[in-house]
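# Summary of structural features
Residue strings, one per chain:
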Amino acid sequence: MLSENEFKRIRWACRRGMLELDLVMVPYVEGRFRDLDAENQQRFVSLLECEDTELFQWFLGKGQPDDPELALIVNDILAFTKKA
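Quantities reported herein were computed from a predicted structural model and do not represent experimental measurements. (Residues numbered from 1 in each chain as written. Predicted model: local features only at pLDDT ≥ 70, side-chain atom pairs only at ≥ 80, totals over all residues. Heavy atoms only, no water.)

## Considerations on the packing of helix 1 (residues 4-14) against helix 2 (residues 19-31)
- Orientation of helix 1 relative to helix 2, taken along the N-to-C sense of each, is 165 degrees, at an axis distance of 8 Å. The angle between the axes of helix 1 and helix 2 places the two elements in the roughly antiparallel class. Between helix 1 and helix 2 lies a crossing whose hand is right-handed. Counting all contacts with helix 1, which are made through Phe-7, Ile-10, Arg-11 and Cys-14, the residues of helix 2 involved are Asp-22, Met-25, Val-26, Val-29 and Glu-30. (Axes fitted to C-alpha atoms, helices over the stretch in contact; angles between N-to-C directions. Helix = DSSP H or I, 4+ residues; strand = E, 2+ residues; numbered from the N terminus. Parallel < 35°, antiparallel > 145°, perpendicular 65-115°, else oblique. Left-handed = near helix turned anticlockwise from the far one by under 90°. Contact = heavy atoms within 4.5 Å.)

## Some details on the nonpolar core
- Counting 25 residues, the largest nonpolar core has Phe-44, Leu-47, Leu-55, Phe-59 and Ile-77 as the members making the most contacts within it.
- Counting residues per element, the ones that place at least two in this core are helix 1, helix 2, helix 3 (38-47), helix 4 (52-59) and helix 5 (68-83).
- What Phe-44 contacts, discounting residues up to four positions off in sequence, is Ile-10, Cys-14, Met-25, Tyr-28, Val-29, Phe-33, Ile-73 and Ile-77. (Core = buried A, V, L, I, M, F, W, Y, C linked by side-chain atoms within 4.5 Å. Buried < 20%, exposed > 50% of the residue type's maximum accessible area, 1.4 Å probe, protein only.)

## Observations concerning helix 4
- Taken together, the buried positions of helix 4 are Leu-55, Trp-58 and Phe-59. Looking straight down helix 4, one finds its buried side chains confined to an arc of 90 degrees; they lie on one side.
- Its buried side turned inward, helix 4 meets helix 2, helix 3 and helix 5.
- Positive backbone phi, approximately 80 degrees, marks Gly-61, located one or two places after helix 4. (Arc of directions from axis to C-beta.)

Next up, the structure:
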């Protein structure tokens, strides 16, 4: 189980300073992250280590991560964003 402090740290890491990324990542972490299983939560935490330029391209649908694990979480974020 994720502690409140760990969740706050992850939510803070979602604030990238690029509005387009903030508008995708912050709602996802607030609306979906706690419902993910541990494996997908870890995928999301790994995604936070990626460069903003890569994230921006992936969220625009202009490519996919080479890592299939990251691709899974990117696709989940995109699906969540389309529903919102």
